[in-house]
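The chain contents come next:
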Amino acid sequence: GLKVETAVKHPKNPLMDTGPAGSFDEDRVFNTGTVLWDGGKYRMWYVGIREPRRGEPQPPWWDWIRCGYAESDDGIHWKRVRVGLVEWNGSRENNIVPHLRHAPVMIRDEHDPDPRRRYKSFVFWTSGEHIEIARSGKYDKQYDPRDELFLMDLLTSADGIHFEQHAGEVRFPGEQVKPVSTIPNSVFRDDLETDPARRFKGYGFMSLNLRRRGTSYVVSPDAQHWTAHPDMPLLDPAVRGTPPAVGGPTGQVHDTVCFPYEGYYLALYQDQHDPGNMPIELAVSRDAETFQHVLPGSKVIPVGDPGDFDAQTILPSTPIILEREIRLYYGGGTVRQPPLKGRPRDVAQPGLATLRRDGFTSISLADPRQPGSLVTIPFRLPQHPSSLQVNANCPPQSRLRAELIDHATGKPLPGCSLADCQPVTGNQLDATVGWNPTGTLPRTTGLV
């Protein structure tokens, strides 16, 4: 049967401590964030939060947020890197990166011919920030709430530290209703997209109202001028499972990251059972906009046990795909004592969970003592000679064989039957299925 694999949490979790008293990240580290494998090292941009204490000025929550920067040689042991760009408590001796705010999404764009634009990040302004901009011109911006758009900034950089701002927008064309907010948690350049107007894709949090949240989807030709999909939310809790979930603080889809993977688009989304139970589940799409929930209720990253750093909330980020494993960096949230402003203190720290390569889901025998079979959907073989690769873990005394079936006749292609197949055994991430000495697939113009 089909199974959603649960990622294995790293024994060194949490990967970083919260900052010392008075620091910008005293309460939360990696409330959201991005980790890239870049230039032979791991690089992290994370939301750091320090809530105002009693007797201090009380700005709105979106002004508590700063972006911190850290690096690691192995992705496990992290060090904050001082960049000296922002003053905090009278000193620039800190790791704050300017301009990045609520969700510091970072991509490295190798296709941009201008090296000064190699790194791209994005500020999609929150509903509260839009209100303040409209009232007072805060953040040196202008906004009219009657316009069918939201403000955003594209940030470009040669090094991921020093950024140039470019004003952009998210438009809601036609009769589409403008939501309360749209905050992508992930952005990527889709090199397989044939429509240049949809070259960049962004997925994340959105709120139609305070009792109905779901997954946003916006597209752009240049990462600066965005258009919202007309049928948001793409992942809607009202249709997530059976029975349908109701709106409200329970049964919501919250933060979502989406990324292309081996011809599919995979989404890791927060399933908000309630504000104190927000694990990560899986959805999949073939066209980037029509998603299917994969076994709702199955957790890719579950919340931790009571007392763990991630006992309540898992905040997803775009995975890092390595040769043998998939690294899922996430923000783990819980509450801690002593209380802050009369309530328990919200704390977040970064964690890591891993899957084997291609291991988001698996198919296994219902009864390991009996043989089983699986038939794929029809597909066309590539025109040039290629091979069939499988990722399989065959227990002792078991083996895997495959055959290619002609879609028109329902019969195996000559030389590619189960009887012709050389069995795959053992635990192999990338085994070649062979029916002949070369292991190449036959040439055919039909579906198999």
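Use the structure listed above.
*Asks:* What exactly am I supposed to notice about the overall build of the protein here?
*Replies:* Helix and strand counts for the protein stand at one helix and 26 strands. Expected size for 448 residues packed as a compact globule is a radius of gyration near 22 Å; at 24 Å, the protein falls within 12% of this value. Seen through its principal axes, the protein has C-alpha atoms that stretch 80 × 50 × 50 Å. Sequence-distant contacts, at least 24 apart, represent 57% of the contacts inside the protein between residues at least 6 apart. Accessible surface, the protein as shown: approximately 22,000 Å² in total, 52% of it carbon and sulfur. Each charge sign in the protein was given a centre, from 50 positive and 55 negative side chains, and these centres are 2 Å apart.

*Asks:* What's the story with the sheet that holds strand S13 (residues 200-209) in this structure? I'm lost.
*Replies:* As a general point, the strands of a sheet are linked pairwise by backbone hydrogen bonds and lie either parallel or antiparallel. Spatial strand order, S8-S9-S10-S11-S15-S14-S13-S12: eight strands in an open sheet with mixed pairing. With partners counted over all chains shown, the strands left at the sheet margins are strand S8 (105-108) and strand S12 (181-189), one partner each. For this sheet, the mean inter-axis angle between neighbouring strands, taken without regard to orientation, is 30 degrees. As paired elements, strand S10 (residues 149-157) and strand S11 (residues 164-171) share eight bridges and run antiparallel to each other. Across the sheet, residue Leu154 finds its bridge partner in S11, namely His166.

*Asks:* Would you mind going over the packing of aromatic side chains with me for this structure?
*Replies:* Both the distance between ring centres and the angle between the ring planes are used here to describe each pair of aromatic rings. Scanning all chains against the criterion turns up 19 aromatic pairs. Consider the rings of Phe188 and Tyr203, whose centres lie 6.1 Å apart with planes at 10 degrees: the pair is stacked. With Phe188 in strand S12 and Tyr203 in strand S13, this pair connects stretches of sequence that are 15 residues apart. Each member of the pair Phe188 and Tyr203 is classed as buried. Summarising the aromatic geometry, the rings of Tyr203 and Phe291 are spaced 6.0 Å apart at their centres and angled 80 degrees between planes, so their arrangement reads as edge-to-face. Of this pair, Tyr203 sits in strand S13 while Phe291 sits in strand S19 (residues 291-293), and the two are 88 residues apart along the sequence. In terms of burial, Tyr203 and Phe291 fall into one category: buried.

*Asks:* What's the story with a nonpolar patch on the surface in this structure? I'm lost.
*Replies:* Side chains of Leu2, Leu295, Ile363 and Leu374 sit close together on the surface and give an oily, nonpolar patch of about 390 Å² of accessible area. When you line up the elements, Ile363 lands in strand S24 (residues 361-363).

*Asks:* Would you take a moment to explain the nonpolar core for this structure?
*Replies:* Nonpolar side chains in soluble globular proteins generally cluster together in the buried interior. Core analysis: the biggest nonpolar cluster contains 52 residues, and Leu100, Phe122, Val170, Tyr203, Trp226 and Phe291 have the highest contact counts within it. For this core, the leading source of residues is S10, giving six residues. When near neighbours in sequence (up to four residues on either side) are disregarded, Phe291 contacts Tyr203, Leu234, Leu235, Cys258, Tyr265, Ala267, Ala283, Val284 and Ser285. With 20 residues, the next largest nonpolar core counts Ala7, Phe259, Ile280 and Tyr330 among its residues.

*Asks:* I'm lost on the side chain of Arg327 in this one. Help?
*Replies:* Residue placement: Arg327 occurs in strand S22 (residues 325-340). Judged by relative accessible area, which is 11%, Arg327 ranks as buried. In terms of polar contacts, Arg327 uses its side chain to reach the side chain of Tyr329, at 3.2 Å. If we skip the residues at most four places from it in the chain, Arg327 touches Tyr42, Asp74, Gly75, Ile76, Pro319, Ile320, Leu322, Leu352, Ala353 and Thr354.

*Asks:* Looking at this structure, I do not really get the sheet that holds strand S17 (residues 264-272). What am I missing?
*Replies:* Ordered in space as S16-S17-S18-S19, the four strands form an open sheet in which the pairing is antiparallel. Every interior strand has two partners, whereas the edge strands, strand S16 (252-261) and S19, have only one. Between one strand and the next, the sheet's axes are offset by a mean angle of 30 degrees, whatever the strand orientation.

*Asks:* It is not clear to me how helix H1 (residues 127-136) should be interpreted in this structure. Could you clarify?
*Replies:* Among the residues making up H1, those that are buried are Gly128, Glu129, His130, Glu132 and Ile133. On its buried face, H1 sits against S10. A positive backbone phi angle near 70 degrees is found at Gly137, which sits one or two residues after H1.

*Asks:* How should I be thinking about unusual backbone geometry in this particular structure?
*Replies:* With glycine set apart, most residues show a phi of negative sign, and most peptide bonds adopt trans. Here the bond from Asn13 into Pro14 is cis, since omega is -10 degrees, no more than 30 degrees from zero. You can see Pro14 is positioned in the loop between strand S2 (8-9) and strand S3 (28-38). Here the bond from Met232 into Pro233 is cis, since omega is 0 degrees, no more than 30 degrees from zero. Relative to the helices and strands, Pro233 resides in the loop between strand S15 (225-228) and S16. Backbone geometry places Ala288, a non-glycine residue, at a positive phi of 80 degrees. Relative to the helices and strands, Ala288 resides in the loop between strand S18 (280-285) and S19. Positive phi, close to 65 degrees, is recorded for Asp358, a residue that is not glycine. Inspection of the secondary structure assignment puts Asp358 in the loop between strand S23 (343-356) and S24.

*Asks:* Where do I start with the pairing of S16 in this structure?
*Replies:* In summary, the side chains of a regular strand alternate between the two faces of the sheet. Burial of S16 is extensive: nine of the ten residues sit out of reach of the surface. Sheet topology note: the S16/S17 ladder contains eight bridges and is antiparallel. Residue Val257 lies in a different strand from S17, and its bridge partner there is Leu268. Once S16 ends, the chain turns through two residues before running back antiparallel as S17, passing Glu262 with a positive phi of about 50 degrees.

*Asks:* What's the story with the environment of Glu169 in this structure? I'm lost.
*Replies:* Position of Glu169 among the secondary structure elements: in strand S11. For the pair formed by Glu169 and His384, sequence separation is 215 residues and the distance between their alpha carbons is 43 Å. If we skip the residues at most four places from it in the chain, Glu169 touches Phe150, Met152, Gln224, His225 and Trp226. For Glu169, the side chain forms a polar contact with the side chain of His225, separated by 3.0 Å.

Definitions and limits used
- Residues numbered from 1 in each chain as written.
- Predicted model: local features only at pLDDT ≥ 70, side-chain atom pairs only at ≥ 80, totals over all residues.
- Heavy atoms only, no water.
- Helix = DSSP H or I, 4+ residues; strand = E, 2+ residues; numbered from the N terminus.
- Rg over C-alpha atoms; globule rule 2.2 N^0.38 Å.
- Contact = heavy atoms within 4.5 Å.
- Areas by Shrake-Rupley, 256 points an atom, 1.4 Å probe, with all protein chains shown as cover.
- Lys, Arg positive; Asp, Glu negative; His and termini not counted.
- Charge placed at Lys NZ, Arg CZ, Asp CG, Glu CD.
- Pairing = 2+ DSSP bridges.
- Axes fitted to C-alpha atoms, helices over the stretch in contact; angles between N-to-C directions.
- Phe/Tyr/Trp six-rings, centres within 6.5 Å; stacked < 30°, edge-to-face > 60°.
- Buried < 20%, exposed > 50% of the residue type's maximum accessible area, 1.4 Å probe, protein only.
- Patch = residues over 30% accessible without salt bridge, like charges linked within 9 Å, V, L, I, M, F, W, Y side chains within 5 Å.
- Salt bridge = Lys/Arg side-chain N within 4 Å of Asp/Glu carboxyl O.
- Core = buried A, V, L, I, M, F, W, Y, C linked by side-chain atoms within 4.5 Å.
- Polar contact = N/O pair within 3.5 Å; in protein donor to acceptor, adjacent residues only side chain to side chain.

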